[in-house]
Amino acid sequence: MVAALPFLLPPVIAHRGASANAPENTAAALRLARAHGARWVEFDVTLSRDGVPVLFHDDDLDRTSTGKGPVNGMDWADLQKLDAGSWFGPAFAGEPVLGFAEALKLCLELGLHPNIEIKPAAGEDVETAEVAMAAAAAIWPKDRVPPLVSSFSARSLEIARDRLPDWPRGYLIYERQDDWAETADRLQASTIHACNRFETTETIAAYRASGRPVLIYTVNNAALAHELWRAGVSSVFTDHAGRLIGSLG
Ligand code: G3P
Ligand code: MG
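Residues numbered from 1 in each chain as written. Chains lettered and ligands numbered in written order. Predicted model: local features only at pLDDT ≥ 70, side-chain atom pairs only at ≥ 80, totals over all residues. Heavy atoms only, no water.

Visitor: Would you explain the site of ligand 1 in this entry?
Guide: Close to ligand 1 lie H15, R16, E42, D44, H57, E117, K119, F152, L172 and Y217. E117 places a polar side-chain atom, nitrogen or oxygen, 2.9 Å from an oxygen atom of ligand 1. Within the side chain of K119, a nitrogen or oxygen atom sits 2.7 Å from an oxygen atom of ligand 1. Bound to the protein, ligand 1 loses 91% of the 290 Å² it would expose on its own. In the shell around ligand 1, the residues fall into three nonpolar, two polar and five charged. (Near = heavy atom within 4 Å. Polar contact = N/O pair within 3.5 Å; in protein donor to acceptor, adjacent residues only side chain to side chain. Areas by Shrake-Rupley, 256 points an atom, 1.4 Å probe, with all protein chains shown as cover. Nonpolar A, V, L, I, M, F, W, Y, C, P; charged D, E, K, R; others polar.)

This is the structure in structure tokens:
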């Protein structure tokens with residue numbers, strides 16, 4: 001029995017914010033997503049060396065900041081001194097690494113619904129989920145519809161299930177997995193988040209037949225998004241939220 005969702009899923013979710021037009025996982029990307037009409041945003045949460053949850057996709061700082069080496073090799077105080085915007089373009093120079101607490105507060109301020117992707121560094125599945133769920137529970141108002149929590153890490157989702165059972169969980173899949181249904185059942189996952197590269201109309205139908213809405217990442221082409229919606233996909237994660245929302249007419 002799959003738990004009903006306490007919200008309607010939107011057709012478009014801004015992936016890492018408006019990440020085609022602003023540096024991913026930053027406040028600028030969240031603000032721009034909202035300005036482009038997005039109502040939902042997905043972002044990645046990991047831990048600093050001293051256990052502070054921050055928005056960051058890669059294990060390493062190098063691609064999307066002025067830092068070097070692993071994110072979990074640097075304390076939050078030092079992460080805050082980095083520039084997470086100039087790699088994307090001079091207009092974003094000085095954009096800071098965004099703390100998870102600040103991201104949730106910004107979502108509340110902007111009226112953006114978050115999909116919190118727990119993205120643990122190797123071996124930190126439990127700690128990252130524990131810290132992220134505790135921080136989220138402290139910030140997110142009890143009378144608001146809860147965020148959607150997702151992860152590729154089944155271990156992280158077990159922690160999310162045990163700590164915040166009423167917050168819906170999405171099971172993230174990259175390549176096809178034979179045991180997806182058993183895992184989704186065990187995690188009491190309400191949604192399946194799958195990669196566009198590996199899915200077909202048949203596999204999407206199989207996920208849906210389990211009673212779970214399907215969300216597909218990362219879809220930047222409007223024609224493909226429309227194909228997926230027609231195939232029964234509820235939401236697409238996109239770097240181009242404005243483009244896809246515009247294509248809805
Ligand atoms: O949550 C959907 C998507 O973000 C998963 O992949 O690597 O972009 O975090 P990734
Ligand atoms: Mg992600």
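Visitor: What exactly am I supposed to notice about helix α7 (residues 201-209) here?
Guide: Along an α-helix, a turn takes 3.6 residues, which lines up residues three or four apart on a common side. Within α7, the full set of buried residues consists of T203, I204 and Y207. Down the axis of α7, the buried side of the element spans an arc of 105°, and every buried residue falls inside it. Opposite the buried face of α7, at more than 90 degrees from it, the exposed residues are E202 and A209. As for α7, its buried residues are in contact with β6 (169-173), α6 (180-186), β7 (191-195), β8 (214-217) and α8 (222-230). Note on α7: the residue one or two positions beyond its end, G211, has a positive phi of about 90°. (Buried < 20%, exposed > 50% of the residue type's maximum accessible area, 1.4 Å probe, protein only. Helix = DSSP H or I, 4+ residues; strand = E, 2+ residues; numbered from the N terminus. Arc of directions from axis to C-beta. Contact = heavy atoms within 4.5 Å.)

Visitor: Any chance you could explain the coordination of the magnesium ion (ligand 2) here in plain terms?
Guide: Reference values for angles at a metal are 109.5 degrees in the four-donor tetrahedral case and 90 or 180 degrees in the six-donor octahedral case. Every protein donor of the magnesium ion (ligand 2) is accounted for by E42 (OE), D44 (OD) and E117 (OE), and the metal-donor separations fall at 2.0 to 2.1 Å. In primary-sequence terms, the residues that donate to the magnesium ion (ligand 2) follow E-x1-D-x72-E. Of the two residues, E42 sits in strand β2 (residues 40-47) while E117 sits in strand β4 (residues 113-118), which places them 75 residues apart along the sequence. Across the pair, exposure class does not vary: E42 and E117 are buried alike. (Donors = N, O, S within 2.8 Å, 3.2 Å for Na, K, Ca; no water.)

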